[in-house]
Amino acid sequence: MKNKILVVDDDEEIRNLLEICLSNEGFRVVKACDGQDALNILEKEDVQLIILDVMMPRLNGIEVCSKIRRKLNIPILMLSAKSEDMDKIQGIMTGADDYITKPFNTLELVVRVKALLRRAYYFNNAPSSNNVITIENLTIDKSQHKVILDGEEVPLTSREFDILCLLAINRGTVLSSEKIFRKVWKEEYYQSNNTVMVHISRIRDKIEKHMNGQKIIHTIWGVGYKIEK
């Protein structure tokens, strides 16, 4: 079955452009003209990925992303004409998996879409052996793409899940931001890139607040991050 992608943008030309380039790659496309329209569609449609514009009427992309993350764990790629770091950080902190600025190269966008879907598909269809990692009262189920804490699921984005898995698989080993970025994003790392730091912060907010101050991810200043053995 073809993956269905929800394109959310108040610019009709961009919606139509994305529909053409994604349809040419074999995807099914559903379009929404604003944030509220997108939420209504998600109540009825089974969607595998969302491309979400930031600046929209009624509900902006940041608000929509936050609402989606309360219920769904599907990949979200955010679009914006803004390129400042704080805009990217805000999008990531509300649960976006990736971010691309306008004007964008359609080939690059398609590559990012495929990478997000491939990552989500991999974790949902991984072999059953060694697929469950337990750390104290935290369980990471790679085959189900779930994180369970004290019996309750913790909603992580696909990128947050990948980072947590990477650290858990390498327990006791310090991984630098550069190594984490290269492994998870599979892109070149730039020294000023604080994307990993933002994702780590988000993971901590979601997990450690339920653990009575106990830390799962430790920062080794000037070196990187690790989960203790």
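Here the structure is shown first, and the text comes after it.
Owing to the predicted nature of the structure, the values given are computational and were not obtained by experimental measurement. (Residues numbered from 1 in each chain as written. Predicted model: local features only at pLDDT ≥ 70, side-chain atom pairs only at ≥ 80, totals over all residues. Heavy atoms only, no water.)

Caption draft 1: Main features of the packing of aromatic side chains. According to the stated counting rule, one finds 1 aromatic pair in the structure shown. Here the aromatic rings of phenylalanine 181 and tryptophan 185 are separated by 4.9 Å at their centres, their planes lie at 10°, and the arrangement is stacked. Of this pair, phenylalanine 181 and tryptophan 185 both sit in helix α7 (residues 177-185), 4 residues apart, roughly one helical turn. The class for phenylalanine 181 is buried, based on a relative accessible area of 5%. (Phe/Tyr/Trp six-rings, centres within 6.5 Å; stacked < 30°, edge-to-face > 60°. Helix = DSSP H or I, 4+ residues; strand = E, 2+ residues; numbered from the N terminus. Buried < 20%, exposed > 50% of the residue type's maximum accessible area, 1.4 Å probe, protein only.)

Caption draft 2: Layout of the pairing of strand β6 (residues 132-135). Across the two faces of β6 the burial differs, with Ile133 and Ile135 buried and Val132 and Thr134 not buried at all. Where β6 lies against strand β7 (residues 138-141), 4 bridges are found, and the strand directions are antiparallel. Of the residues in β7, the one forming a bridge with isoleucine 133 is isoleucine 140. With antiparallel pairing between neighbouring strands as the criterion, β6 and β7 make up a hairpin whose turn holds 2 residues, including glutamate 136 at a positive phi of roughly 55°. (Pairing = 2+ DSSP bridges.)

Caption draft 3: Structural view of the side chain of arginine 15. In this fold, arginine 15 is placed in helix α1 (residues 12-23). It turns out arginine 15 is buried and unbridged, and the closest side chain with the opposite charge, glutamate 12, is 4.8 Å from it. Within the local environment of arginine 15, its side chain forms a polar contact with the backbone oxygen of aspartate 9, the two atoms lying 2.7 Å apart. Setting aside residues no more than four positions away along its own chain, arginine 15 makes contact with Val7, Asp9, Asp10, Lys31, Ala32 and Cys33. (Lys, Arg positive; Asp, Glu negative; His and termini not counted. Salt bridge = Lys/Arg side-chain N within 4 Å of Asp/Glu carboxyl O. Polar contact = N/O pair within 3.5 Å; in protein donor to acceptor, adjacent residues only side chain to side chain. Contact = heavy atoms within 4.5 Å.)

Caption draft 4: Spotlight on the nonpolar core. Counting 30 residues, the largest nonpolar core has Ile140, Val147, Leu164, Leu167, Ile180, Ile207 and Ile217 as the members making the most contacts within it. Those elements that place two or more of their residues in this core are β6, β7, β8 (146-149), α6 (158-169), α7, α8 (195-207) and β11 (224-227). For this core, the leading source of residues is α6, giving 7 residues. Ignoring anything within four residues of it in the chain, the contact list for leucine 167 reads Leu175, Ile180, Ile200, Ile217, Tyr225, Lys226 and Ile227. Core analysis: the next-biggest nonpolar cluster, separate from the first, contains 23 residues, Val47, Ile50, Met78 and Ala96 among them. (Core = buried A, V, L, I, M, F, W, Y, C linked by side-chain atoms within 4.5 Å.)

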